[in-house]
Amino acid sequence: MRPPEPEGEVGRTQAGAEGEALPDLPQGGQAQEATAALTRGARVPRVPGGAHVAPASEARLALRAIGAIFRRDWLIYWRYPMNAVFWLMQPFIWFTPVYFMGLSFVEGGRAAGFEAFTGTSDFMAFVMLGGIMSNYVNAVFWSIGTTLKNEMSAGVLESNWLAPVPRAVQLVGRTAFSLVSVTCESIVLMTVMRFLFRFDLGRDIIPALVTALPMVVGIYGFGFGFAGLVLLVRDANTMIDISSYLVNLLSGSTVPVAALPRFLTVIAMAIPLTYGYDAVRAILLGTRTLLPLGVEQLILVGFMVVMIALGLWAFGVVERRCRRLGTLSMH
Amino acid sequence: MAVARKEWLVTKRYPSWILAMVVWPILLPLSFAFGGRAMAGPSGESLAVFARLTGTVDYTGYVAVGTVLWLWMNAALWDSGMFFRQEQMRGTLDSNWMTPAPRLSHLLGAELFSLLTGFGMTTMAILEFRFLLGVRVTGSPWVLALSVAAVLPCVYGLSLLFASLVVWAKDVSTMVNVVRGAFLIFCGVSFPLAVLPGWMRAVASALPLTYAINAVRTAALTKVGLGAVGRDLAMLVVYGCVLLASGLAAFNYMERQARRRGSLSHY
């Protein structure tokens, strides 16, 4: 069996080949200085004439770079319209069997067994909410490592990395389009699924979003670390697939953690994402939480800080090693 | 044989592909198995409802049979679809077809390799389910073996047909995902068909995987004789003949079209 190919065919993510350039960056000698400084990761580079590129300009440059990467991914996405149709269909393919499986345990409109585990009988809302959250987690987890791998295969990684943009900004840029497309897909999905399967996600959206935010940001740390791993092992599709699937399964994205076998529950409790899914469901659906809600929210904030620091550090170490050994273009 | 050997050499070059073959047969059914556990409840509160619809309280075994067969079908579609597509992308399809071997033998070699890996994956899944999740095969091994044998022509007939379609459509992932998605939704991989609305049951009755899952599930999980799966086996034989004939016809048609239009190396 070939490994799953989420992007269809390898080799289509080509920033350079698509004719895309980072727009409106400083020109001439100023550009060279800024390029060198940003590539080194210096905080306040000096440009000809004695002026400084202030942190505000640095942020503006980063945003422009992210915008350019977003535009490139947008163009590639619509170059393969069948993929776009498929990505809209995919959630229906995965959620419909769950719905019918749930129905085979329901009597008189009530899922008594599920309610005993979670505190709610609305299994479809439980699964949909976890599914939508895991789509965001996957968008970050997947897109960094997968686009890096595709650029390696297409032979444009080195040239893209010569652009005057910090590597971390390039990595974040790769997730921008995924997050926007996941948001659009989620809106369509929620609208249609709500009509088809009649579930209610509650009204406390704002507190739920505030709770979920540190979880998604923390995943960027995972993504940075994984990007490092892709640079090291080069064929990371299987690893991404398996680890993403396992993390989602064990953290309770679609199955309540309480329903896992005991030895897996211990592992689930050690994954910070578990508390993200658990807390958001408690806020929106009124399910029972594993720990007090405030404690779960605190864990998520700690997770975010630690993972970002760890991920950036790991990626930096691997990237320096690849540059030293000259293995960046190998695949 | 040479094509099958070449496929093995390529696969061996990527250890992560072999890892995927070992790991997915156990990982994928887990989400359905744990989902069933969640729906059943901590003390089996809802198990009676499931048993009324399916005739068994062993939801793990029920789900295991469906997902293993679905995975097998999925792998066969990927293998056959990717075989020609990868040759096209590498630019080796034209040169391979210029060898004096019959064109069909290229595809049959790939199908042989797919059959062997599919058999390996299924064996792995059965062992993993037996020792990790405690699923026991309680039915007659002969009836089970006959049921599995009846599934083979369907799976590989469909994959022959699929390989030819992929050369024509030049897109594997979307086609595989649509076909495997339809099987997952309609064929009762993880749930009894009784919970589907009438129109979906009608669609299910037109798909060969429905009969395959029903036959193998009945043979593996219940102590019944050949008579209980006779109708499913008869349907599988009919589907197998039709799909094999369609697959061969589609391959011949695709080959003629590709030569006439000179589109073999397009992608």
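Residues numbered from 1 in each chain as written. Chains lettered and ligands numbered in written order. Predicted model: local features only at pLDDT ≥ 70, side-chain atom pairs only at ≥ 80, totals over all residues. Heavy atoms only, no water.

Asks: I'm lost on the overall build of chain A in this one. Help?
Replies: In terms of regular secondary structure, chain A is built from 12 helices and zero strands. Reading the helices (α) and strands (β) of chain A from amino to carboxyl end gives α-α-α-α-α-α-α-α-α-α-α-α. The burial tally for chain A puts 53% of its 331 residues in the buried class. Intrachain contacts of chain A at a sequence separation of at least 6 include 76% that bridge at least 24 residues. Split by element, the accessible area of chain A, about 14,600 Å² in all, is 66% carbon and sulfur. (Helix = DSSP H or I, 4+ residues; strand = E, 2+ residues; numbered from the N terminus. Buried < 20%, exposed > 50% of the residue type's maximum accessible area, 1.4 Å probe, protein only. Contact = heavy atoms within 4.5 Å. Areas by Shrake-Rupley, 256 points an atom, 1.4 Å probe, with all protein chains shown as cover.)

Asks: I keep staring at the interface of chain A and chain B and nothing clicks. Help me out?
Replies: A common way to state how big an interface is: give the accessible area lost once the parts meet. Facing 45 residues of chain A, the contacting portion of chain B comprises 59 residues. For the pair chain A and chain B, the summed buried area comes to about 4,700 Å², and 72% of that belongs to carbon and sulfur atoms. For the pair chain A and chain B, the interface holds one salt bridge. Residues A:Glu107 and B:Arg52 are paired through a salt bridge, measuring 2.4 Å at the closest nitrogen-oxygen approach. Counting across the interface, chain A meets chain B through six residue pairs in polar contact (both at pLDDT 80 or more). (Buried area = accessible area lost by both parts, 1.4 Å probe. Salt bridge = Lys/Arg side-chain N within 4 Å of Asp/Glu carboxyl O. Polar contact = N/O pair within 3.5 Å; in protein donor to acceptor, adjacent residues only side chain to side chain.)

Asks: Honestly, the confidence of the model for chain A in this entry has me stumped. Any pointers?
Replies: Should the pLDDT be low somewhere, the predicted coordinates at that spot are not to be read in detail. Averaged over all residues, the pLDDT of chain A is 76; the fraction at 70 or higher stands at 79%. Confidence drops under a pLDDT of 50 for residues 1–51 of chain A, and excluding neighbours within four residues, the segment shows 107 contacts in the predicted structure. (pLDDT = per-residue confidence, 0-100.)

Asks: Help me understand the environment of A:Ala282 in this model?
Replies: All names here are of chain A. One can find Ala282 in helix α11 (residues 272–285). Looking at Ala282, the relative accessible area reads 17%, which means it is buried. Linking Ala282 and Leu300, residues 18 residues apart in sequence, is a C-alpha distance of 15 Å. What Ala282 contacts, discounting residues up to four positions off in sequence, is Thr287, Thr289 and Leu293.

Asks: What should I look at first to understand the pattern of salt bridges in this one?
Replies: Oppositely charged side chains are able to pair whenever their charged atoms sit close together. What the rule picks out here adds up to three salt bridges over all chains. Among the salt bridges present, the one from A:Arg110 reaches A:Glu115, with a minimum N-O distance of 2.9 Å.

Asks: Sorry, what's going on with the packing of helix α5 (residues 123–154) of chain A against helix α7 (residues 167–197) of chain A here?
Replies: Between two packed helices, both the angle of their axes relative to each other and the distance between the axes serve to describe the pair. Residue and element names in this part refer to chain A. At a closest axis distance of 9 Å, the pairing of α5 and α7 adopts a crossing angle of 155°. Viewed along their axes, α5 and α7 adopt a mutual orientation that is roughly antiparallel. Crossing of α5 against α7: the hand is right-handed. On α7, the residues touching Met124, Met128, Ile132, Asn135, Tyr136, Ala139, Val140, Ser143, Ile144, Thr147, Leu148 and Glu151 of α5 are Leu171, Arg174, Thr175, Ser178, Leu179, Val182, Thr183, Ser186, Leu189, Met190, Met193 and Phe197. When the residues that make up the contact of α5 with α7 are grouped by side-chain class, the tally is 15 nonpolar, seven polar and two charged. (Axes fitted to C-alpha atoms, helices over the stretch in contact; angles between N-to-C directions. Parallel < 35°, antiparallel > 145°, perpendicular 65-115°, else oblique. Left-handed = near helix turned anticlockwise from the far one by under 90°. Nonpolar A, V, L, I, M, F, W, Y, C, P; charged D, E, K, R; others polar.)

Asks: I tried to follow a nonpolar patch on the surface on my own but got confused; where do I start?
Replies: Residue and element names in this part refer to chain A. Taken together, the side chains of Val301, Val305, Val306, Leu310, Trp313 and Val317 present a nonpolar region at the surface, about 560 Å² in accessible area. With respect to the element layout, Leu310 can be found in helix α12 (residues 293–325). With a relative accessible area of 44%, Leu310 lands in the partly exposed category. (Patch = residues over 30% accessible without salt bridge, like charges linked within 9 Å, V, L, I, M, F, W, Y side chains within 5 Å.)

Asks: Hey, could you run me through the state of the cysteines in this one?
Replies: Between two cysteines, a covalent bond joining their sulfur atoms is known as a disulfide. Residues and elements named next belong to chain B. This model, assessed by the stated rule, comprises zero disulfides over all chains. No disulfide involves Cys241; its sulfur sits 8.8 Å from that of Cys154, the nearest cysteine. On the basis of relative accessibility, which here comes to 52%, the residue Cys241 falls in the exposed class. (Disulfide = S-S within 2.5 Å.)

Asks: Quick question: what am I supposed to make of the packing of aromatic side chains here?
Replies: Aromatic ring pairs are defined here through the distance separating the ring centres and the angle between the ring planes. All told, the structure shown has 16 aromatic pairs over all chains when counted by the stated rule. Measuring from centroid to centroid gives 5.3 Å for A:Tyr99 and A:Phe100, while their planes differ by 65°, and the two rings are edge-to-face. Both residues of the pair, A:Tyr99 and A:Phe100, belong to the buried class. Aromatic pair A:Phe105 and B:Phe50: ring centres 4.8 Å apart, planes at 5°, arrangement stacked. Of the two residues, A:Phe105 is situated in the loop between α3 (81–103) and α4 (112–118) and B:Phe50 in helix α3 (residues 47–54); the pairing between them involves two chains. What makes A:Phe105 buried here is its relative accessible area of 1%. Every member of this aromatic cluster is reached through a ring pair, and the members are A:Tyr99, A:Phe100, A:Phe114, A:Phe123, A:Phe126 and B:Phe191. (Phe/Tyr/Trp six-rings, centres within 6.5 Å; stacked < 30°, edge-to-face > 60°.)

Asks: What's the story with the confidence of the model for chain B in this structure? I'm lost.
Replies: Residue and element names in this part refer to chain B. With 96% of its residues at a pLDDT of at least 70, chain B reaches an overall mean of 81. Across chain B, the secondary-structure element scoring lowest on mean pLDDT is helix α5 (residues 93–97), at 74, and the one scoring highest is helix α9 (residues 198–204), at 91. Across the predicted assembly, pTM comes out at 0.74 and ipTM at 0.82.

Asks: Teacher, can you tell me more about the environment of A:Leu229 here?
Replies: Residue and element names in this part refer to chain A. Following the sequence through the fold, Leu229 ends up in helix α8 (residues 205–233). Judged by relative accessible area, which is 30%, Leu229 ranks as partly exposed. Considering only alpha carbons, one finds Leu229 and Glu115, 114 residues apart in sequence, at a separation of 40 Å.

Asks: Can you walk me through the nonpolar core in this structure?
Replies: It is characteristic of soluble globular proteins that their nonpolar side chains tend to be buried jointly. Counting residues in each nonpolar core, the largest one holds 133 residues, and the members touching the most others are A:Leu231, A:Leu273 and B:Leu236. By residue number, the principal contributor to this core is α5(A), which donates 17 residues. Not counting residues up to four positions away in its chain, the partners in contact with B:Leu236 are B:Ala150, B:Val151, B:Cys154, B:Pro208, B:Tyr211, B:Ala212 and B:Ala215. Membership of the second largest hydrophobic core comes to 12 residues, among which are B:Phe84, B:Trp97, B:Val167 and B:Met254. (Core = buried A, V, L, I, M, F, W, Y, C linked by side-chain atoms within 4.5 Å.)

Asks: I would appreciate a short explanation of the layout of surface pockets in the present structure.
Replies: With a probe scaled to a water molecule rolled over the atoms, the places where space remains empty come into view. Residue and element names in this part refer to chain B. Of the volumes computed, that of the second largest pocket is approximately 600 Å³. Lining the second largest pocket are 25 residues, and of these Thr122, Ile126, Leu144, Val148 and Val216 lie nearest its centre. Contributions of two or more residues to the lining of the second largest pocket are made by α4 (59–90), α6 (103–132), α7 (141–169) and α10 (208–221). With nine residues, α6 is the single largest residue contributor to the lining of the second largest pocket. (1 Å grid on protein atoms, 1.4 Å probe; cavity = no way out; pocket = protein on both sides within 12 Å on 5 of 7 lines; lining within 4 Å. Points joined across faces, edges and corners; volume = space filled by probe spheres on them.)

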